[in-house]
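Below, each chain spelled out in residue letters.
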Amino acid sequence: MDKAIVEARHISGDTHHYNSQILKHAASALFLFLCSAWRCVMSLLGGINIVGPSNADPPAPVHPGMYQLDIVLKKGNNLAIRDRGGTSDPYVKFKIAGKEVFRSKTIHKNLNPVWDEKVSLLVDSLREPLYVKVFDYDFGLQDDFMGSAYLYLESLEHHRTLDVTLDLKDPHYPDHDLGSLELAVTLTPKEGDFREAHQSLRLSDVHRKAQLWRGIVSISLIEGRNLKPMDTNGLSDPYVKFRMGHQKYKSKTIHKTLNPQWREQFDFHLYDEQGGFIDITIWDKDAGKKDDFMGRCQVDLSVLPKECTHRLDLPLEEGEGTLVLLVTLTASAAVSISDLSVNMLDDPHERREILHRYSLLRSLHNIKDVGMVQVKVIRAEGLMAADVTGKSDPFCVVELSNDRLQTHTVYKNLNPEWNKVFTFNVKDIHSVLEVTVYDEDRDRSADFLGKVAIPLLSIQNGERKAYALKSKELTGPTKGVIFLELDVIYNAVKAGLRTLIPIEQKYIEEEPRVSKQLLLQNFNRVRRCIMFLINAGCYINSCFEWESPQRSICAFLLFIVVVWNFELYMIPLALLLPLAWNYILIASGKDTRQGDVQAVEDLLEDEDEDYDRDDKDSEKKGFMNKLYAIQDVCISVQSALDEVASYGERIKNTFNWTVPFLSWLAIVALCVATVIVYFIPLRYIVLAWGVNKFTKKLRDPYTIDNNELLDFLSRVPSDVQVVQYRELKLDPSHSPNKRKKNNPG
């Protein structure tokens, strides 16, 4: 098969060409340097089209328009050994023009892997070859290079599937034989305007663009049986990874067992009406070194009937034992997108139907359907200029839990208008709506322009409002504002019941990293909680020490009265007192929450700067990749500090009415507990609790354990989240009713 190696590069502009005499002097290195510099200048000025030298056959004519490149990655043959065991864990990357467009799954411990993966790419020029690279996956360490090759697209015949064998080489050691890859390639010219299609493909790669999903796949990971022992003690520390497309979940680790009981639930979005495959791998956790692979299995969703639960006993391939799952497929039409002129809540008839659907009379109908939220993305003003032309190409992404929709791109504009309406199904009223603005870049990753996070319970229905954009970590302001109009309708009873079950997990998108700033921040948060307890203890001790006689006398009399008349129902009743006291303070205008918010803002004010410094240090030293064990310990300590601090702050925020809905819910629960404990003797309550605990497994063998109190507290925002969700003060010039002229550039 002919391979035409073409190094000619195009720079956008007019169609003038330099005289062909210039090509004859291209051998001069000095001229090449000057020509390269001239190209950069011309690209900035939008000038002349320059054709560089070529050491191959004359280039084929470039056809305008788009091409669809269909590739089947079949298998690899005799790949390089990169692991100590004489094998490798290979995966393949495809790149075009320096941008990654595809990554295959990893085949573990195999030098002749079979992938059989298909990918369709849209390319707008055949001059850029497809760069194929193979790596050996190393958990926690830098992946090892296994070879690369180029596929030159200009040499491919159109409308014909070609079997291609690519010999892998290492540019530093060209004589080494690193094996080969087998592909099936089809190149099809496209007609018409494919700008929008190319944009959709690029955004899918860069941002994992969410489509309108057609159903939910609910997986309950129950247990494993007779798994393979991987440790020297004859046991293992197994955990499970799930993957369906870009959606990924990871289970908790069960230590020192071959028959782990997980009892965890995960939800995937189903985009393909025909179903799909869920890839499942099981691993043995090893602290300080690479985790051991224990086996894999796969679930074919296309053969499972919908609207019912299936129990699957899946034998593990490349390993030992069985994995037990419960899988439920549910059809759904939970998200939608439309123009501003077409939306449900503006139609009185549709609005009445929705209000009836979520009325209190239907509180016990379809408990999981809590409500719906409508988001009108109107426009943005004063955005950051991300391009060298002083403009941006902004588009907006709206996310609610794992639902993600986006607007179209408005090109060369700092004051874009989208006028789109997004509708989401609400499964948890404590979810946070995230609206992010990006700048589209054709040849690289999209640039972040700003973001806002809005808790659903803070939405004021029907109000068109300007929100100041924040940084990526939501800790400080960035340039620009976005105008939104939000409506949320929900059933309070369903929302209250949903609060007491586990919160929906988000997709695993990135691994946690070590940050000195974050570690210090979490330590300071824990210290604030501990200091509160210490101060409370000192206050009580001051009563014993009679530092204030009046206070000590009152405390002594209160102690005598309470101890003499104590009943168990007084415990929840006493917890009502701080709720009532803080409510009275807030109602009277003495809000004590601002001091806490200000203290956390002081902790976070330099966070962005420190993150950048941490990144630079990591790049220079490569320290984290070399000392994986230290990284693992630091991340665990960092996460533990965050969890302890968060729960302490959430308890405090429950009592100081940070989220009134949850504070009222706490009042209802405490009142019910007071009545129950008052009328029912303690021994009967303890007996009922014990019987329930002992018989739960007998009544439902696949029940998933949870703690209602912790589930409730997980809905209360921590102090950091309060700062992140807090609206920034707007410039007086920005008004929802004031429209600025677009800057079309």
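Residues numbered from 1 in each chain as written. Predicted model: local features only at pLDDT ≥ 70, side-chain atom pairs only at ≥ 80, totals over all residues. Heavy atoms only, no water.

**Considering the pattern of salt bridges**
Here is the rule we go by: Salt bridge, as used here: a side-chain nitrogen of Lys or Arg that lies within 4 Å of a carboxyl oxygen of Asp or Glu. Think of it this way: any DSSP run of H or I at least four residues long counts as a helix, any run of E at least two long counts as a strand, and we number them from the N terminus. When accessible area is computed with a 1.4 Å probe and restricted to protein chains, residues below 20% of their type maximum are described as buried, those above 50% as exposed, and intermediate ones as partly exposed.
For the coordinates displayed, the defined rule picks out 19 salt bridges. Across the pair Lys74 and Asp163 runs a salt bridge whose closest N-O atoms are separated by 3.1 Å. In this pair, Lys74 is assigned in strand β1 (residues 67–77) and Asp163 in strand β7 (residues 161–167), connecting sequence segments 89 residues apart. Given a relative accessible area of 60%, Asp163 falls into the exposed group. Asp83 serves as the salt-bridge partner of Lys290, at 3.9 Å between the closest nitrogen and oxygen. One end of the pair, Lys290, is in the loop between β13 (277–284) and β14 (292–300); the other, Asp83, is in the loop between β1 and β2 (90–96), with 207 residues separating them in the sequence. A residue is classified by how much of its surface remains accessible, and Lys290, at 29% relative accessible area, is partly exposed. Asp83 gets classed as buried once you look at its relative accessible area, which sits at 18%. Salt bridges sharing common partners tie together Glu223, Arg225, Arg311 and Asp313.

**Some words on the pairing of strand β5 (residues 130–136)**
This is how it is decided: Each pair of strands is called paired provided DSSP finds at least two bridges between the two strands.
A large share of β5 lies buried, amounting to six of its seven residues. Bridging between β2 and β5 involves seven bridges; their strand directions are antiparallel. Among the inter-strand pairings, Pro90 is bridged to a residue of β5, identified as Asp136. In this structure, β5 lies alongside strand β6 (residues 144–151), joined through seven bridges in antiparallel fashion. Within the sheet, the bridge partner assigned to Lys133 lies in β6 and is Ser148.

**Examining unusual backbone geometry**
A negative phi holds for most residues other than glycine; trans holds for most peptide bonds. If you check the backbone angles, Asp116 has positive phi at about 50 degrees while not being a glycine. Inspection of the secondary structure puts Asp116 in strand β4 (residues 114–123). Judged by relative accessible area, which is 54%, Asp116 ranks as exposed. Of note, Lys256 is a non-glycine position whose phi angle comes to about 55 degrees, a positive value.

**Re the nonpolar core**
Cut-off, in case you're wondering: Throughout, nonpolar core names a set of buried Ala, Val, Leu, Ile, Met, Phe, Trp, Tyr and Cys residues whose side chains join them through atoms within 4.5 Å. Here, two residues are considered to be in contact whenever any of their heavy atoms come within 4.5 Å of each other.
Judged by nonpolar contacts, the single largest core of 43 residues is most densely connected at Val373, Val375, Val377, Val398, Phe424, Leu433 and Ile482. When residues of this core are assigned to their parent elements, the largest contribution, five residues, is made by helix α13 (residues 660–679). Ignoring anything within four residues of it in the chain, the contact list for Val398 reads Val375, Val377, Asp403, Arg404, Leu405, Phe422, Phe424, Leu433, Glu434 and Val435.

**Description of the sheet that holds β7**
Filter applied, for reference: All axes here are fitted lines through C-alpha atoms, helices being fitted over the stretch that makes contact, and every angle between N-to-C directions spans 0 to 180 degrees.
On the basis of which strands lie adjacent, the open sheet formed by four strands has the order β4-β1-β8-β7 and antiparallel pairing. Whereas interior strands pair on both sides, the edge strands pair on one side only; in this sheet they are β4 and β7. Taking the axes of each pair of neighbouring strands and ignoring which way they run, one obtains an average angle of 25 degrees across the sheet. Bridge count for β7 against strand β8 (residues 180–189) is seven bridges, and the pairing is antiparallel. Bridge assignment links Val164 to a residue of β8, and that residue is Leu183.

**Quick notes on the packing of aromatic side chains**
Keep this limit in mind: Side-chain rings of Phe, Tyr and Trp (the six-membered ring for Trp) are treated as a pair once their centres are within 6.5 Å; stacked means planes under 30 degrees apart, edge-to-face means over 60, and tilted covers the remaining angles. Two limits define a charge over a ring: the Lys NZ or Arg CZ must be within 6 Å of the ring centre, and within 35 degrees of the ring normal.
Inspection of every chain in the model, using the stated rule, returns 17 aromatic pairs. Aromatic ring contacts, followed pair by pair, group Phe242, Tyr249, Phe266 and Phe268 into a single cluster. One residue, Lys241, lies across the ring of Trp283, its end atom 5.3 Å from the ring centre.

**Concerning the packing of helix α8 (residues 570–587) against α13**
Note the following rule: Throughout, the term roughly parallel applies to angles under 35 degrees, roughly antiparallel to angles over 145, roughly perpendicular to angles from 65 to 115, and oblique to all others. When the near helix sits turned anticlockwise from the far one by under a right angle, the crossing is termed left-handed; a clockwise turn instead gives a right-handed crossing. We call Asp, Glu, Lys and Arg charged. Ala, Val, Leu, Ile, Met, Phe, Trp, Tyr, Cys and Pro are nonpolar, and the rest, Gly among them, are polar.
Close contact between α8 and α13 brings their axes to 9 Å; oriented N to C, the two are set at 150 degrees. Here α8 lies roughly antiparallel to α13, going by the angle between them. In this structure, the crossing between α8 and α13 has a hand that is left-handed. Together, Pro572, Leu573, Leu575, Leu576, Leu579 and Tyr583 of α8 and Ser663, Trp664, Ala666, Ile667, Leu670, Cys671, Ala673 and Thr674 of α13 make up the contact between the two elements. Looking at the contact of α8 with α13 residue by residue, the classes come out as twelve nonpolar, two polar and no charged.

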